[in-house]
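Summary of the model geometry
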Amino acid sequence: MYENDIASVLISEEQIEQRTKELAETIAARYPVGAPEGDLLLIGVLKGAIFFMTDFARALPIPTQMEFMAVSSYGSSTSSSGVVRILKDLDKDIAGRNVLIVEDIIDSGLTLSWLMRNLSSRNPASLEVVTLLRKPEAVKVDVHVADVGFDIPDEFVVGYGLDYDERYRDLPYIGTLDPKVYTD
Ligand code: PRP
Ligand code: MN
Ligand code: MG
């Protein structure tokens, strides 16, 4: 489909599926079912986290509820601007709830650190993060993240929700983008 634009497969569908299962088992063990805070509330960060959110939610062996927020920091550039905008806010109050932010990638960390501050001010009972990918070499702001699927090199990656200029989100795996795509 996008063969000519993808330089290599970084993480295969099978690897994503396996790691998602492991994360789901580990994380579910921390949230007792029937807690006074209610079901675990997953907050998916649109649009990048769509596929990870749906696969992760179905892999979790506990009941969860789902909400979505849309924020954007990149526009069509491949590097982070540091400017975070809310494109869609939550529909519901999260006060007193156990909240887990579900992200596709932590690159500079700017989106997540901003989101953590924003959501903590709404007084959830707890606030944690799970991210499928993290680029340790690119991190500009340190954010406490308990659960990371894969640490990856500082290369531009697409697929499984991650885009370049809104394209490639529908690739079923994580691939590196051929630089020719963004250098001409
Ligand atoms: C991407 C990605 C993360 C964020 C990570 O989202 O999905 O949310 O950037 O970058 P950072 O750690 O440098 O802040 P983007 O803003 O491109 O929006 P999208 O999810 O709709 O693609
Ligand atoms: Mn995103
Ligand atoms: Mg993007």
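Rules used in this analysis
- Residues numbered from 1 in each chain as written.
- Chains lettered and ligands numbered in written order.
- Predicted model: local features only at pLDDT ≥ 70, side-chain atom pairs only at ≥ 80, totals over all residues.
- Heavy atoms only, no water.
- Phe/Tyr/Trp six-rings, centres within 6.5 Å; stacked < 30°, edge-to-face > 60°.
- Helix = DSSP H or I, 4+ residues; strand = E, 2+ residues; numbered from the N terminus.
- Buried < 20%, exposed > 50% of the residue type's maximum accessible area, 1.4 Å probe, protein only.
- Core = buried A, V, L, I, M, F, W, Y, C linked by side-chain atoms within 4.5 Å.
- Contact = heavy atoms within 4.5 Å.

1. Quick word on the packing of aromatic side chains
Centre distance and the angle of the planes are the two values used to describe a pair of aromatic rings. What the rule picks out here adds up to six aromatic pairs. Ring geometry for tyrosine 164 and tyrosine 182: centres 5.9 Å apart, planes at 55 degrees, overall tilted. With tyrosine 164 in the loop between β8 (157-158) and β9 (174-177) and tyrosine 182 in helix α4 (residues 180-183), this residue pair connects regions lying 18 residues apart in the sequence. Look at tyrosine 164 and you get buried, because its relative accessible area is 15%. Exposure remark for tyrosine 182: the relative accessible area of 30% places this residue in the partly exposed category. One aromatic cluster is present, formed by Phe156, Tyr164 and Tyr182 through successive ring pairs.

2. Here we look at the nonpolar core
Residues Leu42, Phe56, Leu133 and Ile174 are the most contacted members of the largest nonpolar core, which totals 27 residues. Of all the secondary-structure elements, those providing two or more residues to this core are α1 (13-28), β2 (40-46), α2 (50-59), β5 (98-106) and β6 (126-134). When residues in this core are grouped by element, the largest group, five residues, is from α1. For isoleucine 174, the residues in contact, after removing those within four places along its chain, are Ser8, Val9, Leu10, Ile11, Ile16, Leu132, Leu133, Val157, Val158, Gly159, Tyr160 and Leu162.

3. Considerations on unusual backbone geometry
Here leucine 46 and lysine 47 are connected by a cis peptide whose omega angle stands at -5 degrees. Tracing the backbone shows lysine 47 in the loop between β2 and α2. With a phi angle near 75 degrees, tyrosine 168 is a residue other than glycine that sits in the positive phi range. Looking at the secondary structure, you find tyrosine 168 in the loop between β8 and β9. Looking at tyrosine 168, the relative accessible area reads 1%, which means it is buried.

Bear in mind that shape data such as this cannot, by itself, settle questions of function.
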